[in-house]
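Residue-level listing of the chains:
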Protein chains: 2
Amino acid sequence: MTLQRRAVLEVLLARDDHPTADQVVEDLAARGVSGVSRATVFRALELFAERGIVARVCHPGAAARYEVRTHRHHHLVCDVCGKITDFDDDALSALQLPDLGSGGFRARDFSVHVRGLCADCAREQDHELRNEEP
Amino acid sequence: MTLQRRAVLEVLLARDDHPTADQVVEDLAARGVSGVSRATVFRALELFAERGIVARVCHPGAAARYEVRTHRHHHLVCDVCGKITDFDDDALSALQLPDLGSGGFRARDFSVHVRGLCADCAREQDHELRNEEP
DNA sequence: ATCTCATATGAGACAAGATCGCAACCCGTG
DNA sequence: CACGGGTTGCGATCTTGTCTCATATGAGAT
């Protein structure tokens, strides 16, 4: 655990959204943590993900996004704009996973991904329909 | 619905995994469907995703992956190698989602993502541990 | 069948995102 | 203090995805 890696973790902990690697780099710069190179941030995030410390988030955009795994939560993913929103639900979080051992998969955690339209895109779509069929 | 888009859909239907856009391009070429440009494939996949015909899969790697939405299923995602495996589970598929209406989100479907180590990476990790502590 | 017009396509340039190679460096050990 | 493994930084490089714009195509009306 080096200084740079600790700094990356701290930045992640300080956010409650899903930053991209480059956003982490920016945050580091903003904090005055000078000279943590991009490559290092990528490597650190990769390492954390392998260790299960952070999770790679489903990212419909081009950039990989990461989040610290604090508590179990779930995601709303917009099919149109790609926005990801977290939500909590105790019932979902209490789910019992089926036995996956047969395939040799070693589960660490799970989350439920709900695809659909976010509020903004749903509204926009409604407007379009109205314009086409007045 | 154009010829090109239909070809993209057919390629997706012919696979049971989660190809990237470029893999679709390769498949098209392999099928002899000459001259469907990369840009068109990207646009078609984007369009299908917006319409809910295909789903962007949670993709830990750098490239976006797509799958045709046939039946509801779930995913095992390896934290180390990023491999994604489908699995079926009737109990999970029968889940009742909580009411998300309050946030204005319009759900279309959901899937459960299980993070962890795939069989190969779990075995490899075991070997490493054994080497370090003989 | 033909016309018309909005829309989709193709090709390549371009931008962003991610990775790689290698030399320099740090740090705990012997 | 030298050693060795692992980490870092920098720049080069590769991959992924988007953009532009002239041209081709689709679908409905005639």
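So, here is what we can say about the structure in this document. If you're wondering where the values come from, they're calculated on a predicted model, not measured in any experiment. (Residues numbered from 1 in each chain as written. Chains lettered and ligands numbered in written order. Predicted model: local features only at pLDDT ≥ 70, side-chain atom pairs only at ≥ 80, totals over all residues. Heavy atoms only, no water.)

Digging into the environment of Phe42(B)
Residues and elements named next belong to chain B.
Then, in step 1: Relative to the helices and strands, phenylalanine 42 resides in helix H3 (residues 38–51).
Then, in step 2: Taking relative accessible area as the criterion, phenylalanine 42 reaches 38% and is therefore assigned partly exposed.
Then, in step 3: As a C-alpha pair, phenylalanine 42 and alanine 119 span 77 residues in sequence and 32 Å in three-dimensional space.
Then, in step 4: In this structure, phenylalanine 42 is in contact with Ala21 and Asp22, ignoring residues within four places of it in sequence. (Helix = DSSP H or I, 4+ residues; strand = E, 2+ residues; numbered from the N terminus. Buried < 20%, exposed > 50% of the residue type's maximum accessible area, 1.4 Å probe, protein only. Contact = heavy atoms within 4.5 Å.)

Digging into the interface of chain A and chain B
One frequent convention defines the size of an interface as the accessible area lost when the parts assemble.
Then, in step 1: Taken together, the contact pairs 46 residues of chain A with 46 residues of chain B.
Then, in step 2: Counting each side, the surface lost to burial between chain A and chain B is near 3700 Å², with a carbon and sulfur contribution of 58%.
Then, in step 3: In terms of surface lost to chain B, no three residues of chain A exceed Phe105(A), Arg106(A) and Arg115(A), which account for 20% of the buried area on that side.
Then, in step 4: The interface formed by chain A and chain B holds three salt bridges in total.
Then, in step 5: Between Arg108(B) and Asp79(A) there is a salt bridge, and its shortest N-O distance comes to 2.9 Å.
Then, in step 6: Counting every contact that joins chain A to chain B gives 13 residue pairs in polar contact (both at pLDDT 80 or more).
Then, in step 7: Only helix H3 (38–51), strand E1 (54–57), strand E3 (74–78), strand E5 (106–117) and helix H5 (119–132) of chain A provide two or more residues apiece to the side of chain A that touches chain B. (Buried area = accessible area lost by both parts, 1.4 Å probe. Salt bridge = Lys/Arg side-chain N within 4 Å of Asp/Glu carboxyl O. Polar contact = N/O pair within 3.5 Å; in protein donor to acceptor, adjacent residues only side chain to side chain.)

Focus on the relation of the copies chain A and chain B
Then, in step 1: The two copies are related by a screw motion: chain A maps onto chain B through a turn of 179 degrees and a shift of 0.1 Å along the axis, at an RMSD of 0.3 Å. In symmetry terms, the pair is related by a two-fold rotation axis.
Then, in step 2: Mapped onto chain B, 100% of the interface residues of chain A are again interface residues, and the two copies thus contact each other with one and the same surface. (Least-squares fit on C-alpha atoms with pLDDT ≥ 70 in both.)

Section: the nonpolar core
Then, in step 1: Val114(A) and Val114(B) are the most contacted members of the largest nonpolar core, which totals 26 residues.
Then, in step 2: Broken down by secondary-structure element, the contributors of at least two residues to this core are E3, E5 and H5 of chain A together with strand E3 (74–78) and strand E5 (106–117) of chain B.
Then, in step 3: The element best represented in this core is E5(A), accounting for four residues.
Then, in step 4: In this structure Val114(A) touches His75(A), Leu76(A), Val77(A), Phe87(A), Leu97(B), Leu100(B), Phe105(B), Ala107(B), Asp109(B) and Phe110(B), once residues within four positions along its chain are discounted. (Core = buried A, V, L, I, M, F, W, Y, C linked by side-chain atoms within 4.5 Å.)

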